[in-house]
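Tertiary structure, described
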Amino acid sequence: MACSRRLISGDHPALRHALHGHRHAWHPPGDHQRVFKMAPLQHHFELAGWAETTIVVRFWMIAAMFTALGLWIFYRGGAADLLGGVTHVR
């Protein structure tokens, strides 16, 4: 849950480095347009004209979906069981 929240909000260190590099917004090589208008991600949506409450509710819904997925994987037996791998190593 915490990892998914950090990924969605753009606060995850790996995501932040991949998208922003050192201090500049990431852009594809040869194309000098930014992917996001501003970081963190919620500010990009605010600049796109979304209401703050809409952004918050959408992030809650995405977090709930990741939570449901995590619980489903947990109670199903873990990711190894889903992928057909070994569930117990001795």
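Here we come to the overall build of the protein chain. The helix and strand tally for the protein chain stands at five helices and zero strands. In the protein chain, which comprises 90 residues, the share counted as buried stands at 14%. Long-range pairs, those at least 24 residues apart, make up 24% of the contacts in the protein chain with a sequence separation of at least 6. Accessible surface, the protein chain: about 7300 Å² in total, of which carbon and sulfur atoms supply 64%.

Moving on: unusual backbone geometry. Residue Pro40 is bonded to the preceding Ala39 through a cis peptide linkage, with omega at -5°. One can find Pro40 in the loop between helix H2 (13–20) and helix H3 (41–47).

This part takes up the packing of aromatic side chains. Tallying each qualifying case throughout the model produces three aromatic pairs. Arranged with centres 6.3 Å apart and planes meeting at 90°, the rings of Phe45 and Phe59 form a pair that is edge-to-face. Of the two residues, Phe45 is situated in helix H3 and Phe59 in helix H4 (residues 52–76); the sequence distance between them amounts to 14 residues. When the centroid spacing of 4.9 Å and the interplanar angle of 80° are considered together, the rings of Phe74 and Tyr75 count as edge-to-face. Members of the aromatic cluster, connected to one another through ring pairs, are Phe45, Trp50 and Phe59. Its guanidinium or amino end placed over the ring of Trp50, Arg58 lies 5.1 Å from that ring's centre, counting from NZ or CZ.

Another point: the confidence of the model for the protein chain. Of the residues in the protein chain, 54% have a pLDDT of 70 or more, and the chain-wide mean is 76. Per-residue pLDDT, averaged within each element of the protein chain, yields its smallest value for helix H1 (residues 2–9) (59) and its largest for H4 (94).

In this fold, His44 is placed in helix H3. By relative accessible area, which is 13% here, His44 ends up buried. Side-chain polar atoms of His44 contact the backbone nitrogen of Lys37, separated by 2.9 Å. Residues in contact with His44, not counting those within four places in the same chain, are Val35, Phe36, Lys37 and Met38.

The rules behind the values
Residues numbered from 1 in each chain as written. Predicted model: local features only at pLDDT ≥ 70, side-chain atom pairs only at ≥ 80, totals over all residues. Heavy atoms only, no water. Helix = DSSP H or I, 4+ residues; strand = E, 2+ residues; numbered from the N terminus. Buried < 20%, exposed > 50% of the residue type's maximum accessible area, 1.4 Å probe, protein only. Contact = heavy atoms within 4.5 Å. Areas by Shrake-Rupley, 256 points an atom, 1.4 Å probe, with all protein chains shown as cover. Phe/Tyr/Trp six-rings, centres within 6.5 Å; stacked < 30°, edge-to-face > 60°. Lys NZ or Arg CZ within 6 Å of the ring centre and 35° of its normal. pLDDT = per-residue confidence, 0-100. Polar contact = N/O pair within 3.5 Å; in protein donor to acceptor, adjacent residues only side chain to side chain.

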